[in-house]
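# Chains, contacts and geometry: an overview
In case you want the letters, here they are:
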Amino acid sequence: MTSSLRRGALVALTLILAGCSTDREPGDLFAPSNEGTIVLDAVLIVDAPFPSVYLSRSAALDEDFTRDGVAVRGADVRIESGGGEILVRYADAIGPAGRYDPAGPNPSVLPETEYRIRVMTADGELVTAVTQTPARFQVTDWVQLDARGEAVQETLATVRDLGDAVFDDPRNRIPYAEGLLEARFDRPDVPAFQVGVVNLEEDSDLVVDSSIFSEEDLQDLDRQLSSPPLAADAATLRLPWFAIFYGGRTMVRIFALDENWYDLVRTSPELSGQAGAVAFGGNLGDAFDRPVFHVQGGIGLFGSASVDSNAFFVLPEEK
Amino acid sequence: MVLLGLLAGPVQAGVLAGRVLDQASQDGLGFASVVVESADFRTGVIADETGRYTIRDLPAGLYTLTFHYIGYSTEERTVLLGQGDRAVTNVSLAGSAIEMETVEVTARRFEKVQEELSTLTLTQDQMKILPAFGETDPIRTLQFLPGVQTASDISSGLYVRGGGPDQTLILLDQIPIYNPTHAFGLFSTFNADAVGDVTLYKGAYPARYGGRLGSVLDVQSRNGRSDKDGVHGTVGLSVISGRLSLDGPAAGGRWAVSARRTYLDPVLNQLRKSTPEIPEYYFYDVNTHATIPTRGRAGNLSVTGFLAQDDLFTEFDAGFVGQRWGNQAGAVKYQTILGDSWLGSVAFSGSRYHGETEVEFFNTAASFSNGFVDFATRLELEWEGTSHRVTSGVEATAYQFDYEEVFNRETNLKLDRSPRDLSWFVEDSWDITSRWTVTDGLRMRYFSEGDRVLYEPRLAIEWAATETVGLQLAGGAYHQYLQLISTEGFSGADLYVPLDDSVDPGRSYQTVAGVTWDPSEDWGFSAEAYGTLLRDLIVVDDEGAGGQTSQRIADVFKTGGKGYATGIELFAQKRTGRWKGWLGYTLGWTRRKFDDVNEGKWFAPKYDRRHDINAVANYDAGPWTYSAAFLLGTGQAFTPAAARYGIRNPATGVYDEEGLVLASEKNSGRLLPYHRLDLSVAKRFQAWGYPAQWSFQVFNAYSRRNEWFVQYNTEDPTVEPEVAKQLPIIPTLGVSFDF
């Protein structure tokens, strides 16, 4: 090998080894920023009054994120019928979160009706969205099945019939992980359902074995959880026990979703029971994608749902 | 085309052609050498990977043909060639008991990696001298060839010319293998000791293959050695597994059995005593292959068996995860010479893949199981005339597919289908002149789901411009009915689904053009340009509602996708001498488009790679062999984050104070370039009078921590991107003994 070849080989080797470093600035892994986009957040529930509307802006990734810091104030917000009639006007934002409450008369949301939201910011940005509310939805039976999911062991009392007394009814005092809880209903024509589980206690004990959790895990155990969107083609939904960590009064809400709500939660894992989930980009799966928003001039959700709910009292597991 | 050929007049120059076969198995002896001599003339050629040879531009005269193949007897034939004649001479070589130095086999077999347009062949000897991860892996070694990628260091899924792993048909002795992976994709199920040649058709593959949009990987079982003095074997140990291969004579033919199994169990058992979450895990595979001559060696019966299984079980405080997956496959093939110009074969085969996952978490159980079985019958006839070689065949396949998804003791989805596939193909290789060859073909398919009949024309044109320069052009249409649902990081859950009548089958149209230049025996060069159009692509819709029970494919997949892949590949190979190796470069573009993905805009799939360099060097120094392989490629595409935003969970009303990360356009970012150098050194020696070899392999010699994927963590006030890295330097040691 001549000396020039040796030199060449040395230079090549140096270049290769210099290329071994894979450290780089964090900002190199960000796309061009989408900061400043209006984020609309409002969900209509059939037969309930029109809700508060939240307005904020998206923030740059390398800036501190706070709810107050991204709130949008001073916008003109109104909800109109499909024909353009103004149904609800909203007062200027209150509090730090960019929350707008209805001002004046606030009728109930009707089923199977088109509603349009119109937002004009103080800077003149226009944001609009349309939702078609689903039909009314009602669970016909809340039952407790045996562990194999084959036979009905108990039909639960309902909040609709007993109110708060439902928690004292023996049928609704259920040991943790005993049998399977199932809701049965006539399926309305909706794309999907979502289940929300809320533990109403502030400091009840865990019903799962706490020894299997680290201190950090225990802090992350929520009292409010939601499911991914569920098809429920068979007009039944089963409540998985892994959605319950705490004993005491527990409320289950089943939402029959409109297209907007469904499209957002099906494309946003973080909004379907995985709040705070780490977003993956790169080549391990393709789970990190832009959600489907049905908002013109911004992002977010203007959706609707009809809902039914029930409640029960979770007792510690019978050993 | 056949008719035109029959009507064509005689050509002026003569052609000698034929096929070199193994006498016992009647398999083609790929890369056999053929020497042609006359009184004043001598030349030679190397047969292709199927044992076929053609020598053109010969004047009329008396010729002596000498056929050589390492480990086989030498045969001579005398042929009188008339003006413009084409003489076909097929020979069968008998296995010889002569012990040959492995190094000689290696030197010869290294000669032709790229024999035909878009076709790459690696022999067992070539694979075994390439650097490996733990032990030689026939599929992972393909990544050292141009146009072939793997998705990551832990994946053996093949990405060929911009196509995904689902677009490559993987065959073992003509039997489809549906999930050829162990250890979640880290290794393939093909034991290198059991494999003979591996041929990869990267594109525009011929009419005798079908069923995939992109490419075909044809793995041939190793024939038992032809020694007649008893049973021989190889024992091997690597950090991954123990291996045993045996072969010997039987009924005038040969048999071979190879098996391997991981031996991590005792180690894992010990670790589990202190850390119960350590899983129980093992895999094993068994390959068998036998050939038995019949009808006075005019025919032969071959039998192939294949079994591979992975088993994983992890128990933890809150539940357990159990997973099993595996393949079983078998084939019986009878092949016979039906006359001077006719060869016929009939084969029966079956292949079964089964995967099962059971999970229990906080008293909530879930399970997923998938079974896929095919039974196929294949009839094939081959006729060789003066200027035509026509092959035609019929293949009937019955599939049985089932999938069941149970969550919380409730069956959410249960699919059960039994489609039928009937294919007929014809191929005609026509030597129009001594320099022009046209291979035209047609594959016709009937698929019972939707009662569809599909036509797939294929065409390849070859022109030997000079003695050393050849030009080729090929193309074809392809369809795909079986769809693979796969997660890159976890191949154990791979799932094949046959399409139904609610969607159109995937289509591709491929074109390849290439030029080869072989200036000497030592060197070979080639350049290829390829273009593929893809239509009616589907991807699994993992954004749909859970628990949906529709069995329609249109409800389970995102449909109507489009795509294209185009690029050029350059390849240079040094074939002989102590130094051998190759250098390849690929410049490529790949794009996809679905209405329901990326807002309907075109995007680069993650395996789109603009530049790709593959370099392999091998140095023979007596008993020592040194090898190096280097890969350098554009970083994979990934979806970067663009902003953070806040929104309440609509079902609970909870506002996550940390906000959510807003993704940018799909795959609009790039990871850093991927590069890696693998090294190996091996030494042959004698142990207790038997040949043996030890090898030392270094994966990722300079420990480049290539990027794997990016995750965005929102727990801090500012979003923190974290890059997961791929494997660091991993040295491994292996040893094998022959007896």
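No experiment lies behind these values; they were computed from the predicted model shown. Each chain has its residues counted from 1, following the order in which its sequence is written. By the order in which they are written, chains take letters starting at A while ligands take numbers starting at 1. Residue-level local features of this predicted model are given only where pLDDT is at least 70; pairs of side-chain atoms are given and counted only at 80 or more, and the full residue set underlies all totals for whole chains, interfaces and linings.

## Describing the overall build of chain B
Note the threshold: Secondary structure is summarised from DSSP: a helix means a run of H or I of at least four residues, a strand means a run of E of at least two, and numbering begins at the N terminus for each. Computation of the radius of gyration draws on C-alpha atoms, with the globule rule given as 2.2 Å multiplied by the number of residues to the power 0.38. Exposed residues have 12 or fewer other C-beta atoms within 10 Å of their own C-beta, buried residues have 20 or more, and partly exposed residues fall in between, where C-beta atoms are placed from the backbone. The contact criterion used here is simple: two residues whose C-beta atoms, placed from the backbone, lie within 7 Å are in contact.
What chain B contains, in helices and strands, is 5 helices and 49 strands. Taken against the 2.2 N^0.38 rule, which gives 27 Å for 739 residues, the C-alpha radius of gyration of chain B at 27 Å falls within 12% of a compact globule. Taken over the C-alpha atoms alone, chain B extends approximately 95 × 65 × 45 Å along its principal axes. Out of the 739 residues belonging to chain B, those deemed buried represent 48%. Sequence-distant contacts, at least 24 apart, represent 63% of the contacts inside chain B between residues at least 6 apart.

## Examining the overall build of chain A
Along chain A, the regular secondary structure elements total 5 helices and 18 strands. In chain A, which comprises 319 residues, the proportion classed as buried is 41%. Within chain A, contacts between residues at least 6 apart in sequence are counted, and of these 74% link residues at least 24 apart.

## As for the interface of chain B and chain A
Many descriptions give the size of an interface as the accessible area lost when the pieces come together. How we decide: Each residue gets one label: Ala, Val, Leu, Ile, Met, Phe, Trp, Tyr, Cys and Pro are nonpolar, Asp, Glu, Lys and Arg are charged, and the others, such as Gly, are polar.
With 73 residues of chain B at the interface, the matching set in chain A holds 78 residues. Listed by contribution, the elements that provide at least two residues to the side of chain B that touches chain A are β42 (641-645), β43 (660-663), β47 (707-713) and β48 (720-725) of chain B. Of the residues forming the side of chain B that touches chain A, the biggest block, 7 residues, is contributed by β47(B). When grouped by side-chain class, the residues that make up the side of chain B that touches chain A number 30 nonpolar, 26 polar and 17 charged.

## Section: the nonpolar core
Selection criterion: What we call a nonpolar core is a set of buried Ala, Val, Leu, Ile, Met, Phe, Trp, Tyr and Cys residues whose membership is set by joining through C-beta atoms within 7 Å.
Counting residues in hydrophobic clusters, the biggest one holds 103 residues, and the most contacted among them are A:L40, A:L55, A:F193, A:I254, A:L257 and B:A641. Look past the residues within four positions of A:F193 in its chain and what remains in contact with it is A:P229, A:L230, A:A232, A:L237, A:I254, A:F255, A:A256 and A:L257.

## What about the domain arrangement of chain A?
Residues and elements named next belong to chain A. Threshold: Marked domain ranges trace back to an automatic or database domain assignment.
Once the domains are mapped, chain A shows domain 1 (38-132) and domain 2 (139-291 + 306-315). If you average the C-alpha positions of domain 1 and of domain 2, the two centres end up 28 Å apart. Each partner contributes to the interface: domain 1 provides 6 residues, whereas domain 2 provides 5 residues. Mapped onto the side of domain 1 that touches domain 2, the elements with two or more residues apiece are β1 (38-45) and β8 (126-132). Considering only residue class, the side of domain 1 that touches domain 2 consists of 4 nonpolar, 2 polar and no charged.

## Looking at the sheet that holds strand β4 (residues 86-90) of chain A
Residue and element names in this part refer to chain A. Rules: Between any two strands, at least two bridges found by DSSP are needed for them to pair.
An order of β6-β4-β3-β7-β8 is seen for the 5 strands of this open sheet, with the pairing classed as antiparallel. Bordering the open sheet on either side are β6 (102-103) and β8, each of which pairs with just one other strand. Where β4 and β6 come together, 2 bridges link them in antiparallel fashion. If you follow Y90 over to β6, its bridge partner there is P102.

## Examining the domain arrangement of chain B
When cut into domains, chain B gives domain 1 (2-93) and domain 2 (232-636 + 671-738). Between the C-alpha centres of domain 1 of chain B and domain 2 of chain B there is a distance of 33 Å.

## What to know about the pairing of strand β12 (residues 180-185) of chain A
Residues and elements named next belong to chain A. Across 6 bridges, the pairing between strand β9 (residues 139-145) and β12 is antiparallel. Looking at β12, one finds that D141 is bridged to R184. Where β12 and strand β15 (residues 236-239) come together, 4 bridges link them in antiparallel fashion. Within the sheet, the bridge partner assigned to E182 lies in β15 and is R238.

## Notes on unusual backbone geometry
You will see that A:A177, though not glycine, has its phi angle at about 65°, which is positive. On the secondary structure map, A:A177 appears in the loop between β11 (173-175) and β12. Residue B:W688 is not a glycine yet carries a positive backbone phi of 50°. Position of B:W688 relative to the elements: it lies in the loop between β45 (674-687) and β46 (690-699).

## Brief notes about helix α5 (residues 259-266) of chain A
All names here are of chain A. Burial within α5 is extensive, with 7 of its 8 residues counted as buried. Those residues of α5 lying buried are N260, W261, Y262, D263, L264, V265 and R266. On its buried side, α5 packs onto β1, β8, β13 (193-199), β16 (248-257) and β18 (299-315).

## Re the confidence of the model for chain B
All names here are of chain B. Basically, it comes down to this: What pLDDT conveys is the predictor's confidence in a given residue, as a value from 0 to 100.
Mean pLDDT over chain B: 85, with 91% of residues reaching 70 or higher. Residue range residues 1-11 is modelled with pLDDT below 50. Its contacts to residues more than four positions away, or to other chains, number 15 contacts. Low pLDDT (under 50) marks residues 97-112, which in the prediction has 30 contacts with non-local residues, meaning those over four places away or in another chain. Listed scores for the predicted complex are pTM 0.82 and ipTM 0.89.

## Section: the confidence of the model for chain A
Averaged over all residues, the pLDDT of chain A is 86; the fraction at 70 or higher stands at 87%. Ignoring residues within four places in sequence, the model shows residues 275-285 of chain A, a span with pLDDT below 50, making 50 contacts including any to other chains.

## Remarks on the environment of B:L65
All names here are of chain B. Topologically, L65 is positioned in strand β5 (residues 61-68). Along the primary structure L65 and L16 are separated by 49 residues, whereas in three dimensions their C-alpha atoms are 9.3 Å apart. Contact partners of L65, with chain neighbours within four places excluded, come to L16, V34, V36, E76, R77, V79 and T89.

## Looking at the pairing of strand β2 (residues 53-57) of chain A
Residue and element names in this part refer to chain A. The buried fraction of β2 amounts to 5 of the 5 residues, a majority that puts the element mostly inside the structure. Here β2 shows no split at all, with V53, L55 and R57 on one side and Y54 and S56 on the other all buried. Inspection of the sheet shows β1 paired to β2 by 4 bridges, in the antiparallel sense. Paired with V39 across the strands is S56, a residue of β2. Inspection of the sheet shows β2 paired to strand β5 (residues 99-100) by 2 bridges, in the antiparallel sense. Paired with Y54 across the strands is R99, a residue of β5.

## Observations concerning the sheet that holds strand β10 (residues 152-155) of chain A
What holds strands together in a sheet is hydrogen bonding between their backbones, with the strands either parallel or antiparallel. Residue and element names in this part refer to chain A. Under the convention used in this document: The convention used is that axes are lines fitted to C-alpha atoms, helices contributing only their stretch in contact, and that angles between N-to-C directions extend from 0 to 180 degrees.
Here we have 4 strands laid out as an open sheet, ordered β10-β9-β12-β15, and antiparallel in their pairing. Because the sheet does not close on itself, it has two edges, and the strands there are β10 and β15. Recorded for the sheet is a direction-independent mean angle of 30° between the axes of neighbouring strands. Across 3 bridges, the pairing between β9 and β10 is antiparallel.

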